[in-house]
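Coordinate inspection notes
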Amino acid sequence: MHIKELEESKIQKIGHAFGYYDYGEEKGLVSCYRSQEAAAVYINSYVRMALKGGMLYTTSERGEGYIAYKLPGQKLGFGASMELVKALFHSMSLKEIFRMGVAISKGGTSLEDRMKKAKKPCIFVGMVCVLEAFQGLGYMRKVMELAYAEGNRLQVPVILETDAKSKCDKYRHLGMQLEGIRDLGAYGKMYDMIKYPD
């Protein structure tokens, strides 16, 4: 279900689910931020960007789970892009942004960038979230099936990147393949995932 507006309370719940994810012994990108709350603030702005960019979908009117994905050729308008810029500066200092950029760069080229360079169309998933009250009830599969259905319709792969092996294992269970691992040093690892169309 494509959505164009969302109550602020739901946006805050999405941010909280991301910012306060339990990484266990792992380090995720949340360690780039000064606090879990700062990570949640960034995700709140990312959701606003996805709304403005026409990239946000949900499982039903109840909004148990959300996914933001970009279709092949879909461009972000200026307003949506500015939400992302604001997100960075509201959640990180310039020094923190620079450090994160260096770590990501040292990790190597992402699958998304390699697909772009090869001019291979794909659906890029930028965010997957099941609200905490609905976790463990099968909604992550329902959320991912929204993107998979588009991938099958367009006959293009669905790709995403995630920052924890525990998350990577969940995506593999839901039908994705691990395409590569990028080492971000002190910030952990990034896992590039892909699901080819049926």
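Along every chain, residues carry numbers that run from 1 in the direction the sequence is written. Reporting in this predicted model follows two pLDDT cut-offs: at least 70 for local features of residues, and 80 or more for side-chain atom pairs to be given and counted; totals over whole chains, interfaces and linings ignore these cut-offs and use all residues. Only hydrogens and water are set aside; all other atoms, that is, all heavy atoms of the structure, feed into the side-chain values.

Focus on the packing of aromatic side chains
Keep this limit in mind: Paired rings are identified among Phe, Tyr and Trp, the last through its six-membered ring, by centres lying within 6.5 Å, and are further divided according to the angle between planes into stacked (under 30 degrees), edge-to-face (over 60) and tilted (the rest). Remark: exposure states derive from per-residue accessible area (1.4 Å probe, protein chains only) relative to the maximum for the residue type, with buried under 20%, exposed over 50%, and partly exposed in between. The criterion is that NZ of a Lys, or CZ of an Arg, lies within 6 Å of the ring centre and within 35 degrees of the ring normal, and then a charge sits over that ring.
Within this structure, the stated rule accounts for 5 aromatic pairs. Note on Y21 and Y23: the rings are 4.9 Å apart at their centroids and 80° apart in plane angle, and the pair reads as edge-to-face. Of the two residues, Y21 and Y23, both sit in the buried class. Seen in terms of ring centroids, Y33 and Y42 are 5.9 Å apart; in terms of plane orientation they differ by 40°. Their pairing is tilted. Across this residue pair, the class does not change: Y33 and Y42 are buried. Above the plane of the ring of Y21 lies K167, whose end atom (NZ or CZ) is 4.5 Å from the centre.

Side note on helix α4 (residues 94-106)
Condition: For the purposes of this entry, the term helix denotes a DSSP run of H or I that reaches at least four residues, the term strand denotes a run of E that reaches at least two, and both are numbered from the N terminus. One less than the residue count of a helix, multiplied by 1.5 Å, gives the span that helix is expected to have. The arc refers to the directions leading from the helix axis to the C-beta atoms. The criterion used for residue contact is that any of the two residues' heavy atoms lie within 4.5 Å.
For α4, which comprises 13 residues, the first-to-last C-alpha distance of 18 Å matches the rise-based estimate of 18 Å (1.5 Å per residue) to within 8%. Within α4, burial applies to E96, M100 and A103. The arc that holds every buried residue of α4, seen down its axis, measures 60°, which confines them to one face. Those residues of α4 that are exposed and aimed more than 90 degrees away from the buried face are L94, K95, F98, S105 and K106. Against the buried residues of α4 lie α3 (78-91).

Examining the nonpolar core
Nonpolar side chains in soluble globular proteins generally cluster together in the buried interior. For the record, the criterion: The term nonpolar core refers to a set of buried residues drawn from Ala, Val, Leu, Ile, Met, Phe, Trp, Tyr and Cys, joined through side-chain atoms within 4.5 Å.
If you look at the biggest cluster of nonpolar residues, it comprises 39 residues, and the most contacted ones within it are L6, I14, V47, L56, Y66 and M127. Counting only elements with at least two residues in this core, the list comes to α1 (8-19), α2 (36-52), β2 (65-70), α3, α4 and β3 (123-130). Of all the elements, α2 adds the most residues to this core, at 9 residues. If near-sequence neighbours (up to four positions away) are discounted, Y66 is found in contact with I3, L6, K10, I14, L56, Y57, T58, M127, V128, C129, L131 and V143. Counting residues in each nonpolar core, the second largest holds 19 residues, with Y57, A147, L160 and M176 among its members.

Thoughts on the side chain of K10
The line we're drawing: In this charge count, Lys and Arg are treated as positive and Asp and Glu as negative; neither His nor the chain ends contribute. We define a salt bridge as a contact between a side-chain nitrogen of Lys or Arg and a carboxyl oxygen of Asp or Glu at a distance within 4 Å.
With respect to the helices, strands and loops of the structure, K10 is situated in helix α1. The side chain of K10 sits in the buried core without any salt bridge; E7 is the nearest counter-charge, 4.0 Å away. In contact with K10, not counting residues within four places along its chain, are R62, G63, Y66 and L131.

Points about the side chain of E83
Topologically, E83 is positioned in helix α3. Discounting chain neighbours no more than four positions away, the residues touching E83 are S45, R48, M49 and K52.

On their own, these measurements won't tell you what the molecule is for.
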